[in-house]
Amino acid sequence: MPDSTEFAGTERVTGVDRWLQRLRGAVAPRRHNARTIAALTGNPGCHRRAVLDAAGVDKPRLAEHIGFPARFGQSRFAITRGNAFEAQVKADGGVELLRLLRERLGRPIPYAAFTDLDDDQPASTPEPAATTDTGPDESNEQRYERSQRLLSAAAREPASGDAVIFDHPLLRLRVAGQPVYLEPDLIAFRVDGRFHVVEIKSFPVIDGQADPSKVSAAAIQAAVYVLAMRQLLTDAGHDPEIVSHDVLLVCPRDFTNEPVAALVDVRKQLSTLRRQLTRMARVEELVAALPPDLTFDLAPDRDGRPTRSPAALTTALDVVEARYAPECLASCELAFYCRHEARGHTGALGRSVREELGGVEQVPTVLALANGELAPAEGQAEAAALLQAAARLRAEALS
Ligand code: SF4
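For the structure given in this document, a descriptive report is provided here. Nothing here was measured: the structure is a model prediction, and the numbers come from that model. (Residues numbered from 1 in each chain as written. Predicted model: local features only at pLDDT ≥ 70, side-chain atom pairs only at ≥ 80, totals over all residues. Heavy atoms only, no water.)

With respect to the overall build of the protein
Piece 1. Looking only at helices and strands, the protein features 14 helices and 11 strands.
Piece 2. The proportion of buried residues among the 399 residues of the protein is 43%.
Piece 3. Across the protein, contacts joining residues at least 24 apart in sequence account for 63% of those joining residues at least 6 apart.
Piece 4. Split by element, the accessible area of the protein, about 20600 Å² in all, is 52% carbon and sulfur. (Helix = DSSP H or I, 4+ residues; strand = E, 2+ residues; numbered from the N terminus. Buried < 20%, exposed > 50% of the residue type's maximum accessible area, 1.4 Å probe, protein only. Contact = heavy atoms within 4.5 Å. Areas by Shrake-Rupley, 256 points an atom, 1.4 Å probe, with all protein chains shown as cover.)

So, the site of the ligand
Piece 1. Residues in close proximity to the ligand include Asn 43, Cys 46, Arg 48, Arg 49, Ala 322, Arg 323, Tyr 324, Cys 328, Cys 332, Leu 334, Ala 335 and Cys 338, which together make up its full environment.
Piece 2. In this structure, the ligand is accommodated by the second largest cavity.
Piece 3. Of all the elements in the fold, those that place two or more residues in the shell around the ligand are α3 (47–55) and α11 (335–342).
Piece 4. Taken together, the residues of the shell around the ligand break down into 8 nonpolar, 1 polar and 3 charged. (Near = heavy atom within 4 Å. 1 Å grid on protein atoms, 1.4 Å probe; cavity = no way out; pocket = protein on both sides within 12 Å on 5 of 7 lines; lining within 4 Å. Sits in = over half its atoms within 2 Å of the grid points. Nonpolar A, V, L, I, M, F, W, Y, C, P; charged D, E, K, R; others polar.)

Details of the packing of helix α6 (residues 140–156) against helix α7 (residues 212–235)
Piece 1. Between α6 and α7, whose axes approach to 9 Å, the crossing angle comes to 75°. On the basis of their axis angle, the class for α6 and α7 is roughly perpendicular. Mapping the contact onto sequence places Tyr 144, Ser 147, Gln 148, Leu 151, Ser 152 and Ala 155 in α6 and Met 229, Leu 232, Leu 233 and Asp 235 in α7. (Axes fitted to C-alpha atoms, helices over the stretch in contact; angles between N-to-C directions. Parallel < 35°, antiparallel > 145°, perpendicular 65-115°, else oblique.)

Side note on empty space enclosed by the protein
Piece 1. Under the defined criterion, the tally for this structure stands at 4 cavities of 30 Å³ or more.
Piece 2. The calculated volume of the largest cavity comes to roughly 100 Å³.
Piece 3. What lines the largest cavity is simply Arg 30, Arg 31, His 32, Thr 36, Asp 53, Gly 56, Val 57, Lys 59, Pro 60 and Glu 333.
Piece 4. Tallied by class, residues from the lining of the largest cavity come to 2 nonpolar, 3 polar and 5 charged.
Piece 5. Size it by volume and the second largest cavity reaches roughly 80 Å³.
Piece 6. Considering the residues around the second largest cavity, the lining is formed by Asn 43, Cys 46, Arg 48, Arg 49, Arg 323, Tyr 324, Cys 328, Cys 332, Leu 334, Ala 335 and Cys 338.
Piece 7. Looking at the lining of the second largest cavity, its residues break down into 7 nonpolar, 1 polar and 3 charged. (Points joined across faces, edges and corners; volume = space filled by probe spheres on them.)

Let's talk about the packing of helix α13 (residues 363–370) against helix α14 (residues 381–398)
Piece 1. Relative to each other, α13 and α14 sit at 70°, their axes nearing to 8 Å. Considering the angle they form, α13 stands roughly perpendicular to α14. Considering how the two elements wind past one another, α13 and α14 form a crossing that is right-handed. Here Val 366, Leu 369 and Ala 370 of α13 lie close against α14, whose contacting residues are Ala 384, Leu 387, Gln 388 and Ala 391. (Left-handed = near helix turned anticlockwise from the far one by under 90°.)

What to know about the pairing of strand β11 (residues 259–265)
Piece 1. Alignment of strand β10 (residues 246–252) against β11, held across 7 bridges, turns out to be antiparallel. The residue of β11 that forms the bridge with Cys 251 is Val 260. (Pairing = 2+ DSSP bridges.)

Comments concerning the environment of Ser 271
Piece 1. As for its placement among the helices and strands, Ser 271 is situated in helix α8 (residues 267–281).
Piece 2. C-alpha of Ser 271 to C-alpha of Ala 223: the two residues are 48 residues apart in sequence and 9.3 Å apart in space.

Considering unusual backbone geometry
Piece 1. Of note in the backbone geometry, His 168 takes a positive phi value of approximately 55° without being a glycine.
Piece 2. Phi is positive for Asp 207, close to 50°, though the residue is something other than glycine.

Regarding the nonpolar core
Piece 1. In terms of nonpolar packing, the biggest core is built from 46 residues, with Ile 37, Leu 182 and Phe 195 touching the most fellow members.
Piece 2. Per-element tally for this core: the top contributor is α7, with 13 residues.
Piece 3. Both domain 1 (5–72 + 290–319) and domain 2 (76–275) contribute no fewer than three residues apiece to this core.
Piece 4. With near-sequence residues (within four places) excluded, Ile 37 lies in contact with His 32, Leu 173, Val 175, Val 180, Leu 182, Val 224, Leu 273 and Leu 277. (Core = buried A, V, L, I, M, F, W, Y, C linked by side-chain atoms within 4.5 Å. Domains from an automatic or database assignment.)

Regarding the side chain of Ser 244
Piece 1. Mapped onto the elements of the fold, Ser 244 is located in the loop between α7 and β10.
Piece 2. Within the structure, Ser 244 has its side chain in polar contact with the backbone nitrogen of Asp 246 (distance 2.9 Å).
Piece 3. Apart from residues lying up to four places away in sequence, Ser 244 is in contact with Arg 194, Phe 195, His 196, Val 226 and Arg 230. (Polar contact = N/O pair within 3.5 Å; in protein donor to acceptor, adjacent residues only side chain to side chain.)

A few points about α13
Piece 1. All of the buried residues along α13 are Val 366, Ala 368, Leu 369 and Ala 370.
Piece 2. For α13, the secondary structure elements touched by its buried residues are α14.
Piece 3. A positive phi of about 75° marks Gly 372, the residue just after α13.

What to know about the packing of aromatic side chains
Ring pairs (aromatic) are described by centroid distance and by the angle formed between their planes.
Piece 1. Applying the stated criterion across every chain yields a total of 2 aromatic pairs.
Piece 2. Where Phe 68 meets Tyr 337, the ring centres are 5.4 Å apart and the plane angle is 75°; that geometry is what we call edge-to-face. Placement of Phe 68 in the loop between α4 (59–65) and α5 (76–105) and of Tyr 337 in helix α11 is noted, with a sequence separation of 269 residues between them.
Piece 3. On the basis of relative accessible area, Tyr 337 is assigned to the buried category, the value being 5%.
Piece 4. In this arrangement the basic side chain of Arg 22 is found over the ring face of Trp 19, its NZ or CZ atom lying 5.8 Å from the centre. (Phe/Tyr/Trp six-rings, centres within 6.5 Å; stacked < 30°, edge-to-face > 60°. Lys NZ or Arg CZ within 6 Å of the ring centre and 35° of its normal.)

Rendered as structure tokens:
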């Protein structure tokens, strides 16, 4: 495992970087976004995902090329609806949002200044902010610096009961040593000296209840933004804790477009994210255990198709240990391949099954133990007793 460090231009290139480049091959790394960073928390024990994500391998393209294309994502209709709802919540300088803030925080909040960091044009501030619009070609770094400057200036202002709302801040997180720019459709607002992240989602709240899995996914994405905002303000010399762990989740009520809001505590999601990002930063330990010639190179031919055969790529995938669970279907582009590979293993039936049958890896072994056709090996006695009891109950129920 090389451990030397050298400099290419202004960029620091480490031995791990070179290994990750080799794993990725002669293509540009696929960048993370808030959804992919949030998905990292979905299956933290999976080495395959950790290595592929750290190397920036294009997983959707890889899955498609090996014949197991990913099938998740929003429909065009859902995206259009989501965009319309978001625009409605932010319209007129955030009037609707201000109403929701008053309602949720239980405070009068007499006034809100609204600044869109994307076009840098304050909508309701009495005086324009002293900023420079660097135009449509400005780099992410310039946009990030502008967001940092304006958010940092707001953090220095004395606390007041008025709100300062920032739309489209450009944030940045380091994932596996690489800077990832996050361009949320969200708003960050500051009131009484604290920033809160606002996440606007188009899934409905029906009779006061929303789909728990969607709320959970929204909370993880919001936690990504909280973490990135804390990093931005820390780098500017502020206390990161001025970004609250309570995020404002805004959704439509019932089947109307009327927005409702709830404060969601994302402390648990923040600690999971931190743990996972730290783990990815130590990806060298995983990479060191891999064969030196392993690669997932998706370099295309003249027709745009990867030159390496699907068989060569699946052979490469099989080298890196996976930990499939049904939850992968909602969060990882390789889920159909890994599910196919895990067929016949107890892990494919879910984490709780894997844990309860600890030490029994194969479904045929489970069936043989349940039927009493196989004597339990060392450490399997408890699982075997449970399985036999379950088999008896099932037989009774069926008869
Ligand atoms: S789908 Fe496969 S690679 Fe992705 S997290 Fe699950 S087991 Fe890991």
